[in-house]
Amino acid sequence: SSGINAEYGIIRFQSRFLWFSEFSFEHTNNYNLIGVLCGLAIYNSTIVDINFPPALYKKLLKKQVTLTDFAKLHPTRADSLRQLLAYNEPDFEDVMCLSFSVTRDLFGQVEEVDLIPNGSEKHVTVDNRQQYVAAYVDYYLTSSIEPQYEAFASGFLDVTGGRVFNSFHPEELMHMVSGHQDFNFRDLEQITEYANGYHVEHPVIQLFWEVFHEMDLKTKKKFLVFLTGSDRIPIHGLHSIKIVIQKVKDNTRLPVAHTCFNLLDLPPYPRKEIMVAKLFKAIHNTEGFGLV
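Computed from a prediction, not measured in an experiment: that's the story for all the values here.

Definitions and cut-offs
- Residues numbered from 1 in each chain as written.
- Predicted model: local features only at pLDDT ≥ 70, side-chain atom pairs only at ≥ 80, totals over all residues.
- Heavy atoms only, no water.
- pLDDT = per-residue confidence, 0-100.
- Helix = DSSP H or I, 4+ residues; strand = E, 2+ residues; numbered from the N terminus.
- Contact = heavy atoms within 4.5 Å.
- Buried < 20%, exposed > 50% of the residue type's maximum accessible area, 1.4 Å probe, protein only.
- Polar contact = N/O pair within 3.5 Å; in protein donor to acceptor, adjacent residues only side chain to side chain.
- Pairing = 2+ DSSP bridges.
- Axes fitted to C-alpha atoms, helices over the stretch in contact; angles between N-to-C directions.
- Parallel < 35°, antiparallel > 145°, perpendicular 65-115°, else oblique.
- Left-handed = near helix turned anticlockwise from the far one by under 90°.
- Nonpolar A, V, L, I, M, F, W, Y, C, P; charged D, E, K, R; others polar.
- Expected span 1.5 Å × (residues − 1).
- Arc of directions from axis to C-beta.
- Phe/Tyr/Trp six-rings, centres within 6.5 Å; stacked < 30°, edge-to-face > 60°.
- Lys NZ or Arg CZ within 6 Å of the ring centre and 35° of its normal.
- Core = buried A, V, L, I, M, F, W, Y, C linked by side-chain atoms within 4.5 Å.

1. Comments concerning the confidence of the model for the protein chain
Chain-level statistics for the protein chain give a pLDDT mean of 86 and a share of 90% at 70 or above. The secondary structure element of the protein chain with the lowest average pLDDT is strand E1 (residues 11-14), at 74, and the one with the highest is helix H6 (residues 129-141), at 97. Every residue in residues 288-292 scores below 50 in pLDDT, and together they form 21 contacts with partners more than four places removed in sequence or on other chains.

Okay, here's the thing in C-alpha cells:
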C-alpha cells in the first residue's frame with residue numbers, strides 16, 4: 001500500500017489525480033511494481049483505488065499528450081498557457097517575458113531547466129509560442145518523469161501487452177483500472193439477490209431500499225466501501241457487481257458486510273428509524289481495502 005500512498009513520495013497528488021513524483025529517492029523498481037499492480041487489475045477484472053489521469057493511459061497507448069491532458073493535472077498553469085496562446089497584442093514579448101526554460105525547486109534550491117537545447121537563450125514570441133507550449137507540456141508530462149514512467153510502463157505492459165491492448169481507448173483503460181463515477185444506484189437494487197427468507201417484496205427489504213435511496217451520494221459511496229471494499233464502479237457499471245442480502249435473526253446487531261463475497265447480513269429491523277440508525281452506524285465505522 002505504501003507504493004500508492006502519496007505520503008511516501010513515490011507518487012503525489014496533482015489536482016484530483018495521482019502522478020509520478022518528479023524528485024524521488026525511491027528505486028524505479030517501486031514504479032515497476034505499481035505498473036504491475038495496475039496491469040493485474042485489468043487482467044483480473046479488479047478495481048483498484050489508483051486514480052491516474054487519462055494522460056498516463058494515452059502515453060501507454062503511444063498517443064500524443066496535449067494541453068488538455070496537462071490541464072487535468074495543472075489547471076491553473078494550463079489557463080496561463082491558454083492566455084499566452086490567445087494574446088495577440090504588439091507588446092507580446094515585453095508582457096510575457098518568457099524563454100524556452102522553466103524553473104524548478106529542487107529541495108529548496110531553484111534551478112533553471114531548458115525545454116529545448118539552449119532554451120534559456122531563446123525568447124518566446126507570437127510565432128513560436130505554440131512550440132513553447134508543446135515543449136512545456138512535454139517537459140511536465142514526459143521528460144521530467146521519464147525514468148519513473150518507463151519503469152511503470154514496463155511493469156504494466158509485462159502484464160497487459162499484446163495486440164488487443166492497442167484496441168482500447170485511454171478512457172477505457174482508466175476505467176478498467178480504477179473504475180468510474182457513473183453512479184446509477186437503481187441498477188444496484190435491480191441486480192441484488194436475496195437469501196435466508198428475504199425476497200424483493202419482503203417488508204424489511206423494501207424498508208432497506210427506501211432508506212438507501214434517501215441517502216446522499218457521499219453516504220451511498222460509503223455504503224459501497226462498507227459492502228464491497230471500494231467506492232469505485234467497474235467499467236460495466238453497478239449492474240456487474242453481484243450483491244446478496246441475507247437475513248440474520250438477531251435484530252439487535254448491526255448489519256455485517258462480507259466484502260469478499262459482496263454479502264450483507266441484514267437483521268429484520270422492525271422500524272425505519274432503527275434501520276437508519278443501525279445502517280448508518282455500520283457504514284460510517286468501516287475501512288475499505290481499495291479493491292472490488
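2. Description of the environment of Tyr 269
With respect to the secondary-structure elements, Tyr 269 resides in the loop between strand E8 (263-266) and helix H12 (272-283). A relative accessible area of 1% means that Tyr 269 is categorised as buried. Separated by 18 residues in sequence, Tyr 269 and Asn 251 have C-alpha atoms that sit 5.6 Å apart. In contact with Tyr 269, not counting residues within four places along its chain, are Val 204, Leu 207, Asn 251, Arg 253, Leu 254, Pro 255, Ile 274, Met 275 and Lys 278. A polar contact of 2.4 Å, which involves the side chain of Tyr 269, links it to the backbone oxygen of Arg 253.

3. Focus on the environment of Lys 220
On the secondary structure map, Lys 220 appears in helix H11 (residues 217-228). Lys 220 sits 185 residues away from Gly 35 along the chain, and the two C-alpha atoms are 30 Å apart.

4. Some points on the pairing of strand E2 (residues 17-20)
Of the two faces of E2, the one lined by Phe 17 and Trp 19 and the one lined by Leu 18 and Phe 20 are each fully buried. Both E1 and E2 contribute to a ladder of four bridges, which runs antiparallel. Looking at E2, one finds that Ile 11 is bridged to Phe 20. What sits between E1 and E2 in their antiparallel hairpin is a turn of two residues, with Ser 15 showing a positive phi close to 60°.

5. Details of the packing of helix H4 (residues 75-86) against H6
Between H4 and H6, the shortest axis-to-axis distance is 10 Å and the interhelical angle comes to 165°. In this view, H4 runs roughly antiparallel relative to H6, as classed from their interaxial angle. Like other packed secondary-structure pairs, H4 and H6 cross with a definite hand, here left-handed. Contact with H4, carried on its side by Arg 77, Leu 81, Leu 84, Leu 85 and Ala 86, involves Arg 129, Gln 130, Tyr 132, Val 133, Tyr 136 and Tyr 140 of H6 and no other residues of that element. When the residues that make up the contact of H4 with H6 are grouped by side-chain class, the tally is eight nonpolar, one polar and two charged.

6. Notes on H4
With 12 residues, H4 should reach 16 Å at 1.5 Å per residue; the first-to-last C-alpha distance of 16 Å fits that figure. Within H4 the residues assigned to the buried category are Ala 78, Leu 81 and Leu 84. Looking straight down H4, one finds its buried side chains confined to an arc of 110°; they lie on one side. In this structure, H4 carries Thr 76, Gln 83 and Ala 86 as exposed residues pointing more than 90 degrees from its buried face. On the buried face of H4, the contacting elements are helix H3 (67-73), helix H5 (92-96) and H6.

7. So, the packing of aromatic side chains
Applying the stated criterion to the full structure yields 21 aromatic pairs. Aromatic side chains Phe 208 and Phe 212 sit 6.3 Å apart centroid to centroid with 20° between the ring planes, which places their arrangement in the stacked category. Of the two residues, Phe 208 and Phe 212 are both situated in helix H10 (residues 203-214); the distance of four residues between them amounts to about one turn of the helix. Each member of the pair Phe 208 and Phe 212 is classed as buried. Aromatic side chains Trp 209 and Phe 212 sit 5.4 Å apart centroid to centroid with 85° between the ring planes, which places their arrangement in the edge-to-face category. Of this pair, Trp 209 and Phe 212 both sit in helix H10, three residues apart, which is roughly one turn of that helix. Comparing Trp 209 with Phe 212 shows no difference in burial state: the two are buried. Within the aromatic cluster, the residues linked to one another by ring pairs are Trp 19, Phe 20, Tyr 31, Phe 52, Tyr 149, Phe 152 and Phe 156. Against the face of Tyr 149 rests Lys 59, its NZ or CZ located 4.3 Å from the ring centre. Directly above the ring of Tyr 140 sits Arg 77, whose terminal nitrogen or CZ lies 4.7 Å from the centroid.

8. Here we look at the sheet that holds strand E7 (residues 256-258)
Read across the open sheet, the four strands follow the order E5-E6-E8-E7; overall the sheet is mixed. Looking at the sheet topology across the chains shown, the edges are occupied by strand E5 (193-195) and E7. Recorded for the sheet is a direction-independent mean angle of 25° between the axes of neighbouring strands.

9. Thoughts on the nonpolar core
In this structure, Phe 20, Phe 52, Leu 56, Leu 60, Phe 70, Tyr 132 and Phe 152 are the most contacted members of the largest nonpolar core, which totals 52 residues. Listing elements by their share of this core, those giving two or more residues are E2, helix H1 (28-43), helix H2 (54-60), H3, H4, H6, helix H7 (146-160) and helix H8 (170-178). The biggest single contributor to this core is H6, with eight residues. Setting aside its immediate chain neighbours within four residues, Phe 152 contacts Phe 20, Tyr 31, Asn 32, Ile 34, Gly 35, Cys 38, Phe 52, Leu 56 and Leu 60.

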